Amino acid sequence: MRLELRGITKRFGTFTANDAIDLVVEPGQVHALLGENGAGKSTLMNVLFGLYDADEGEVLLDGEPADFEGPGDAMAAGIGMVHQHFMLVPPFTVAENVMLGHEEVRGPAKLLDLDAARAKVKEISERFNFAVDPDAVVEDLPVGAQQRVEIIKALSRDAEVLILDEPTAVLTPQETDELLAIVKDLSKAGTSVVLITHKLREVQAVADTITVIRRGKVVGQAEPTASQEELASLMVGRDVSMTVDKDAAKPGAVMLSVRDLSVVDELGIPRLKHVSFNVKAGEILAIAGVQGNGQTELTEALLGSQPVTSGDALLDGEFITGKPIKDVLMAGLGFVPEDRTEDGLVASMTIANNLILDLHDQPPYASGMALKPSVIDEEAAKHVEQFDIRTTSTEATAGSLSGGNQQKVVLARELSRPLKLLIASNPTRGLDVGSIEFVHKRIIEERDNGTAVLIVSSELDEVVALADRIAVMYHGEIVGIVPPDTDRDTLGLMMAGAKQEEAA
Amino acid sequence: MTATLTEAPQAQPAVDIEVARSWRTPIILGVVGLIAFVLFGLMTEGGGATTTFVLSRPNDLFTIPAITVPAQATAIALTVIAIALAGVSAWGVQNRRKIGMWLPTVYGIALVLAVLVWAGAGRTATSIQLTGLLIGTVVLATPLVFGSLAGTLCERSGIVNIAIEGQLLAGAFLAALVAGAVSSSTGSDSFGAYVGLVAAPIAGALVGAALSLFAVRYWVDQIVVGVVLNVLVVGLTSFFFGTLMRENPELNRAIGLPDLPIPVLSRIPVIGPVLFDQNMLVYLMYAIVIVLNIMLFKSRWGLRVRSVGEHPKAADTVGIKVNRTRVRNTILGGAVAGLGGAFFTVASGLAFNKEMTGGKGYIALAAMILGRWSPKGALAAALLFGFADSLREQFGIIGTSIPSQFLAMLPYLATIFAVAGLVGHVRPPAAENIPYKK
């Protein structure tokens, strides 16, 4: 099937997410849609899939105009979509998820025909070598397998065009390679694939043709033979350096010492199993691993927002486990949470107030029970300048800022105290290339000031760029601590649970 | 590099993390067991006093003889069993063994029997009517079953239904009103009662429709809307009770559905009178529980409803109309609760009275949670609460030294303990109380 988008425009209020976008996907082609976060790729695909109504423009299937009222119509027309956040019902089985929406029934009572659904899952699973059990409950499956369930779901509806929205964000490098192989098999079998991504490596590996989108507009077509630098500058709109400049670390004394730390959650499931490591002053230890392997629990246990089941942690020789969060912060911990809008900021409060969330009851910001607004404003103005926070006023709400500027507010707040240890979880998730460079630079500056730094990131590129040492986590354990020049394949195997010596 | 995830060794070492043991359950069971041992074991009238349990009724197919036991010895034995079970529970905690639901179940039965033995000790004139106790259980559970089914229907689609109380009350009111009007114009009480039974779900459905309008269309917090609707229904029904029904007494008479004993089955001892000698509403309840349980978990409709309650966006992306499903389910749930409301008037043979549902809607909500959002679980939980209620009535008949106010608290105490203690960690439908906005 030949899919064509003509002049698609989609506005949200005054913001134009898609501006007169044209796109042609030929049958059996892998078409990469390359662009930064927020460039409008996902919006475009949601328009195509019938989740949003386009303000202008039309969708043509084999030359015929198509008008989708909702996703049901798009699917009936042969378009399948694997969303970035999976559209699977967690407590349902694979078969139930696959059949949902187009269930087969049997018998006089018209009850669900689960056998038919199971057979369908098995058939597709075997055709593409997916190894998915139709009776497995989706929430128990690893992310890579859940993604394959999504693909089975689309194929079971005879999708001729498959849209993959940032499919590798949650995968290990090996799972990514598997997925790219699947994409190739699919296109060989005649299915067109639209691959939405901001990762250049993947584009080069599988795409037949590349469309680059920036700020809602198509800015160019490229061949997969184009170099990474060419693609990156098309995507960002200026030349970008693909590496982080930093000098060799000068590690000092041990600053953070984590000893045999374990966390069991309220359901009795162990999330962190006997984790031990040290971070020295003036070095960056980066924790690599696929999301959900205990990284969140580790950072929150160190902060004190996650109760520790056993083990302890010392910051500069003082216990921080079992202490109130406030004491831990005052002992010199800076904490950049993984979800800045949920845990890092109060979106409805002003930038100035967000900048003193941790110090609001201390001089010079407070005297007795009263805040001192003039001091708060002065300090806020300084921070805005130092950290290049792009805003019209320090009295604007934090929620009105872009993701990159929100992250700068969080960093400005956390780095304004004298720190012994900085913990940053996915510090550049969802940021544009410019902000990423800035955040990385500030983190390295902090290291060079002699602070111990613990970075958690699910982006291997970021881990490799920042780390002086890399710890790999899998299933709540540290599988190994390796030097930063360890090759990607070894890291990838470790992220899938292989011990260091086996992976090397 | 062609390594795949399946080839990579899966590091899955044995987990040996020390988790602090929770001694809460064995301590509570032990303390309650000891108190029961002193109050109902040692204090039971000794010296040859006996307690008699009656199982059969006069027109049963065959007669099970009444059981007479020595009061004090039996009460002591039962409470000792309870204490021993607390010990088993402690052993389970010490050795990190999971002990199933049988333990609290047997523990509860032992204590209840001990209390019954104590209450009936030394009374020659009265005996404990076990069959009566069980009949009362089913009858008193009826509105709770309907209420918790209504809650299950709504919540499985993602709408919290706090308005069950109002739906029950509206159903009770309309059933009485319609029954009164029809019977006075046709002259047939039982015909009027049946028409009232048909009218009850309409009232509940209207309340459900109001809930869905505010919850789905205007995204108002569902709990707030539910509470407001409850107050609204109390106000409306009390107003019409004080005006329309007072001025026209024929519109609010005590009219009852006739009993429909099922031939032969109803004469089996114990089971017969408990299950097969009931009125139409109770038989409808059996049918609805069975049908809903199958439909919710085995049908296309059920799969879609559950997907809407768990992950509405996923449902939307496969072409399921999320909000339409929610509105339908909320109205259907309201109708089921409304039908249950008929219990208070036409199914009990009583006239309507102000606020006569007396919080049963909230207990039904607890039964829904205890039953883990499934129809058969709702039935079991409602029967447990119904039993507590029935026990209170039995005590009232026997006449014990426990003050009646404390007896009146029994069903509610049972609810709190059941929800806090037995439920543990349950997971409600994930999208509950979250409006679906595109």
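1. Observations regarding the overall build of chain B
Along chain B, the regular secondary structure elements total 16 helices and five strands. Of all 438 residues assigned to chain B, the portion counted as buried reaches 50%. In chain B, the share of contacts with a sequence separation of at least 24, taken over all contacts with a separation of at least 6, comes to 76%. Split by element, the accessible area of chain B, about 19,800 Å² in all, is 68% carbon and sulfur. Taking the average location of the 29 positive side-chain charges in chain B and that of its 19 negative ones, the two points are 9 Å from each other.

2. What to know about the sheet that holds strand β2 (residues 15–25) of chain A
All names here are of chain A. With antiparallel pairing, four strands are arranged side by side in an open sheet as β2-β1-β4-β5. The open sheet has two edge strands, β2 and β5 (64–66), and neither has a second partner. Put simply, the sheet's adjacent strands are angled 30° from each other on average, direction ignored. Two strands pair when backbone bridges link them, and strand β1 (residues 3–12) and strand β4 (residues 56–61) are joined in this way by five bridges, in the antiparallel orientation. Bridged to T9 within β4 is E56. Across the face of the sheet, helix α1 (residues 41–48) comes into contact with β1, β2 and β4 while running at roughly 115° to β1.

3. Some points on the sheet that holds strand β1 (residues 50–54) of chain B
Residue and element names in this part refer to chain B. Across the sheet, three strands lie side by side as β2-β1-β3; this open sheet has mixed pairing. One side of each edge strand has no neighbouring strand; the edge strands of this open sheet are β2 (67–70) and β3 (128–129). Pairing of β1 with β3 involves two bridges; the strand directions are parallel. In the strand pairing of β3, F53 is matched with I128. Helix α2 (residues 71–94) rests against β1 and β2 of the sheet, and its axis sits at about 80° to β2.

4. A few points about the domain arrangement of chain B
A common way to report how large an interface is uses the accessible area buried once the components associate. All names here are of chain B. One can read the domain layout of chain B as domain 1 (24–126) and domain 2 (130–382). For domain 1 and domain 2, the distance between their C-alpha centroids amounts to 35 Å. Summing both sides of the interface, domain 1 and domain 2 together bury roughly 940 Å²; the carbon and sulfur share of this comes to 67%. One can count zero salt bridges joining domain 1 with domain 2.

5. Notes on helix α13 (residues 373–386) of chain A
All names here are of chain A. The terminal C-alpha atoms of α13 lie 20 Å apart, and with 14 residues this matches the ideal 20 Å at 1.5 Å per residue to within 8%. Of the positions making up α13, those classed as buried are V375, I376, A380, H383 and V384. Buried residues in α13, looked at end-on, bunch into an arc of 165°, giving them a common side. Exposed and facing more than 90 degrees away from the buried side of α13 are E378 and E385. Those residues of α13 hidden inside the fold are in contact with α12 (351–354), β20 (370–371) and α14 (403–415). The positive-phi residue at the C-terminal boundary of α13 is D388, with phi of around 55°.

6. Some details on the packing of aromatic side chains
Counting across every chain of the model gives 11 aromatic pairs over all chains. Measuring from centroid to centroid gives 5.4 Å for F12 of chain A and Y52 of chain A, while their planes differ by 80°, and the two rings are edge-to-face. Here F12 of chain A, found in strand β1, pairs with Y52 of chain A, found in the loop between α1 and β4; they are 40 residues apart in sequence, far enough to count as distant. Residue class for Y52 of chain A comes out partly exposed when judged on its relative accessible area of 28%. Through a chain of ring-to-ring contacts, the aromatic side chains of F173, F239, F240, F241 and F352 of chain B assemble into a single cluster.

7. A closer look at the nonpolar core
Among soluble globular proteins, nonpolar side chains are generally buried collectively. L281, V346, F352 and F385 of chain B are the most contacted members of the largest nonpolar core, which has 69 residues in total. Listed by contribution, the elements that provide at least two residues to this core are α4 (130–156), α5 (164–186), α6 (189–217), α7 (222–242), α10 (280–298), α13 (322–341), α14 (360–370) and α15 (375–398) of chain B. Filtering out sequence-adjacent residues up to four positions away, V346 of chain B remains in contact with A175, A179, A193, L197, I255, G256 and L257 of chain B. Residues V410, L415, A424 and M495 of chain A belong to the second largest nonpolar core, which totals 48 residues.

8. Some points on α10 of chain B
All names here are of chain B. Taking 1.5 Å per residue, 19 residues should reach 27 Å; α10 reaches 27 Å between its end C-alpha atoms and fits that length. Taken as a whole, α10 has its buried residues at L281, V282, Y283, M285, I288, V289, L292, N293 and L296. Near the N-terminus of α10, the side chain that reaches the backbone nitrogen of L281, with its oxygen 3.0 Å away, is that of N279.

9. A closer look at the pairing of β1 of chain A
Residues and elements named next belong to chain A. Where β1 and β2 come together, seven bridges link them in antiparallel fashion. Each bridged residue has a counterpart across the sheet, and for R11 the counterpart in β2 is T16. Joining the antiparallel neighbours β1 and β2 is a turn of two residues, in which G13 adopts a positive phi near 60°.

10. Here's the deal with the packing of helix α3 (residues 102–120) of chain B against α15 of chain B
Residue and element names in this part refer to chain B. Axis separation between α3 and α15 bottoms out at 11 Å; the angle between their running directions is 10°. With respect to each other, α3 and α15 are oriented roughly parallel. Facing V112, V115, L116 and A119 of α3, the residues of α15 in contact are F387, L391, F395 and I398. Partitioned by chemical class, the residues of the contact of α3 with α15 number eight nonpolar, no polar and no charged.

11. What about the packing of α5 of chain B against α13 of chain B?
Residues and elements named next belong to chain B. Where α5 meets α13, the axes come as close as 6 Å, and the angle between the chain directions of the two elements is 55°. Relative to α13, α5 is oriented oblique. Remark: the crossing between α5 and α13 carries right-handed chirality. Contact residues: I164, Q167, L168, G171 and A172 in α5; G333, G334, A337, G338, G340 and G341 in α13.

12. Quick notes on unusual backbone geometry
In this model, P363 of chain A is joined to P364 of chain A through a cis peptide bond whose omega is 5°. By secondary structure assignment, the location of P364 of chain A is in the loop between α12 and β19 (366–367). For V264 of chain B, which is not glycine, the phi dihedral falls at a positive 65°. Topologically, V264 of chain B is positioned in the loop between β4 (259–261) and α9 (271–275). Owing to a relative accessible area of 56%, V264 of chain B belongs among the exposed residues under this scheme.

13. Here we look at the side chain of R306 of chain B
Within the secondary structure, R306 of chain B is located in helix α11 (residues 300–310). No salt bridge is formed by the buried R306 of chain B; the nearest opposite charge belongs to E96 of chain A, separated by 4.2 Å. Non-local contacts of R306 of chain B, meaning those with residues more than four positions away in its chain, are made with F92 and E96 of chain A together with R156, L296 and F297 of chain B.

14. Side note on the pairing of strand β12 (residues 217–222) of chain A
Residue and element names in this part refer to chain A. The pairing of strand β11 (residues 209–214) with β12 spans five bridges and is antiparallel. Within β12, the position partnered with R214 by the bridge is K217. Hairpin connection, β11 to β12: the antiparallel pair is bridged by two residues, and R215 has positive phi, about 45°.

15. What about a negative patch on the surface?
A cluster of acidic side chains, namely D53, D55, D67, E69 and D73 of chain A, defines a negative patch on the protein surface. With respect to the helices, strands and loops of the structure, D73 of chain A is situated in helix α2 (residues 71–76).

16. Re the confidence of the model for chain B
All names here are of chain B. Averaged over all residues, the pLDDT of chain B equals 88, while 95% of them reach at least 70. In the predicted structure, residues 1–14 sits below a pLDDT of 50 and forms 25 contacts with residues beyond four places in sequence or in another chain. On the interface metric, ipTM, the complex scores 0.85, and its pTM is 0.81.

17. What about the side chain of T93 of chain A?
Residue and element names in this part refer to chain A. Position of T93 among the secondary structure elements: in the loop between β6 (79–82) and α3 (94–99). With relative accessibility at 16%, the residue T93 sits in the buried group. When residues no more than four places from it in sequence are discounted, the contact partners of T93 are P134, D135, A136, V137 and V138.

18. What to know about the pattern of salt bridges
Oppositely charged side chains can pair when the atoms bearing their charge come close. Residues and elements named next belong to chain A. Taken as a whole and judged by the stated rule, the model has 36 salt bridges over all chains. R413 serves as the salt-bridge partner of E414, at 3.0 Å between the closest nitrogen and oxygen. Like R413, E414 is buried. Via salt bridges that share partners, R2, E4, R6, E26 and E58 belong to a single interconnected network.

Parameters at a glance
- Residues numbered from 1 in each chain as written.
- Chains lettered and ligands numbered in written order.
- Predicted model: local features only at pLDDT ≥ 70, side-chain atom pairs only at ≥ 80, totals over all residues.
- Heavy atoms only, no water.
- Helix = DSSP H or I, 4+ residues; strand = E, 2+ residues; numbered from the N terminus.
- Buried < 20%, exposed > 50% of the residue type's maximum accessible area, 1.4 Å probe, protein only.
- Contact = heavy atoms within 4.5 Å.
- Areas by Shrake-Rupley, 256 points an atom, 1.4 Å probe, with all protein chains shown as cover.
- Lys, Arg positive; Asp, Glu negative; His and termini not counted.
- Charge placed at Lys NZ, Arg CZ, Asp CG, Glu CD.
- Pairing = 2+ DSSP bridges.
- Axes fitted to C-alpha atoms, helices over the stretch in contact; angles between N-to-C directions.
- Domains from an automatic or database assignment.
- Buried area = accessible area lost by both parts, 1.4 Å probe.
- Salt bridge = Lys/Arg side-chain N within 4 Å of Asp/Glu carboxyl O.
- Expected span 1.5 Å × (residues − 1).
- Arc of directions from axis to C-beta.
- Phe/Tyr/Trp six-rings, centres within 6.5 Å; stacked < 30°, edge-to-face > 60°.
- Core = buried A, V, L, I, M, F, W, Y, C linked by side-chain atoms within 4.5 Å.
- Polar contact = N/O pair within 3.5 Å; in protein donor to acceptor, adjacent residues only side chain to side chain.
- Parallel < 35°, antiparallel > 145°, perpendicular 65-115°, else oblique.
- Nonpolar A, V, L, I, M, F, W, Y, C, P; charged D, E, K, R; others polar.
- Left-handed = near helix turned anticlockwise from the far one by under 90°.
- Patch = residues over 30% accessible without salt bridge, like charges linked within 9 Å, V, L, I, M, F, W, Y side chains within 5 Å.
- pLDDT = per-residue confidence, 0-100.

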